[in-house]
Amino acid sequence: PPCFGGRRWNLETYRTTPGSHIPVLPGTNVTALFGPGGNLAGSAGCNSYRSAFTTSGSDAISIGPLASTRMFCGEPGVMDQETTYLVLLRTVTSYEMTADGKLTLMNPAGIPVLVYTG
């Protein structure tokens, strides 16, 4: 896998509208592990998910259809955050590793929608 593979990434912020940087809700852990063989797995904050991913060129990434468990978490906002995260994850087309060690996933317009810390 590319340079970010094999590490568990923790979502720090996500973006749903231009200029928004929404922090992950306290007490939730949203993660992504880009494993060998193009396997992606993690926690969406309540449920676990898995998918396949491919990379190409210097920064292109494609994430396949997602499968997730179907538990309900009753804490306010957790399910909305999870739904938003899974939708955003499917929109990413490029990635960037920043100098401060963050992994940023961007949508087709080049807008960072998911920012992880390692």
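Up top you'll find the structure we're talking about.
The model shown is predicted, which means the values in this text are computed figures rather than measured ones. (Residues numbered from 1 in each chain as written. Predicted model: local features only at pLDDT ≥ 70, side-chain atom pairs only at ≥ 80, totals over all residues. Heavy atoms only, no water.)

A.B. asks: It is not clear to me how the overall build of the protein chain should be interpreted in this structure. Could you clarify?
C.D. replies: Within the protein chain, the secondary structure is distributed over one helix and 10 strands. Reading the helices (α) and strands (β) of the protein chain from amino to carboxyl end gives β-β-β-β-β-β-β-α-β-β-β. The C-alpha atoms of the protein chain give 13 Å as radius of gyration, which agrees with the globular expectation for 118 residues (13 Å, within 12%). Principal-axis analysis of the C-alpha atoms gives the protein chain an extent of 40 × 30 × 25 Å. (Helix = DSSP H or I, 4+ residues; strand = E, 2+ residues; numbered from the N terminus. Rg over C-alpha atoms; globule rule 2.2 N^0.38 Å.)

A.B. asks: Sorry, what's going on with the pairing of strand 3 (residues 31-34) here?
C.D. replies: Here strand 1 (residues 8-14) pairs with strand 3 via three bridges, running antiparallel. Residue pairing in the sheet places Trp-9 in a bridge with Ala-32 of strand 3. Two strands pair when backbone bridges link them, and strand 3 and strand 4 (residues 39-43) are joined in this way by two bridges, in the antiparallel orientation. Counterpart to Phe-34 in the pairing with strand 4 is Leu-40. (Pairing = 2+ DSSP bridges.)

A.B. asks: Would you mind showing me how to read the packing of aromatic side chains here?
C.D. replies: For the coordinates displayed, the defined rule picks out four aromatic pairs. On the basis of an interplanar angle of 75° and a centroid distance of 4.7 Å, the ring pair of Phe-4 and Tyr-95 is categorised as edge-to-face. Taken together, the positions of Phe-4 in the segment before strand 1 and Tyr-95 in strand 8 (residues 94-97) put the pair 91 residues apart, joining distant regions of the chain. By the burial criterion, Phe-4 is buried, and Tyr-95 matches it. An angle of 65° between the planes, with centres 5.8 Å apart, marks the rings of Tyr-49 and Tyr-85 as edge-to-face. With Tyr-49 in strand 5 (residues 48-56) and Tyr-85 in helix 1 (residues 78-91), this residue pair connects regions lying 36 residues apart in the sequence. The pair formed by Tyr-49 and Tyr-85 is uniform in burial state, with each residue classed as buried. Put simply, the rings of Phe-4, Phe-34, Phe-53 and Tyr-95 touch in pairs and so form one group of aromatic residues. (Phe/Tyr/Trp six-rings, centres within 6.5 Å; stacked < 30°, edge-to-face > 60°. Buried < 20%, exposed > 50% of the residue type's maximum accessible area, 1.4 Å probe, protein only.)

A.B. asks: Looking at this structure, how should I read the state of the cysteines?
C.D. replies: Scanning the model with the defined rule gives one disulfide in all. Covalent S-S linkage joins Cys-46 and Cys-73, the inter-sulfur distance amounting to 1.9 Å. Residues Cys-46 and Cys-73 share a disulfide whose torsion about the S-S bond is about 85°; that sign makes it right-handed. Here Cys-73 lies in the loop between strand 7 (67-68) and helix 1 and Cys-46 lies in the loop between strand 4 and strand 5, a separation of 27 residues in the sequence. The pair Cys-46 / Cys-73 is uniform in exposure class, with both members buried. (Disulfide = S-S within 2.5 Å.)

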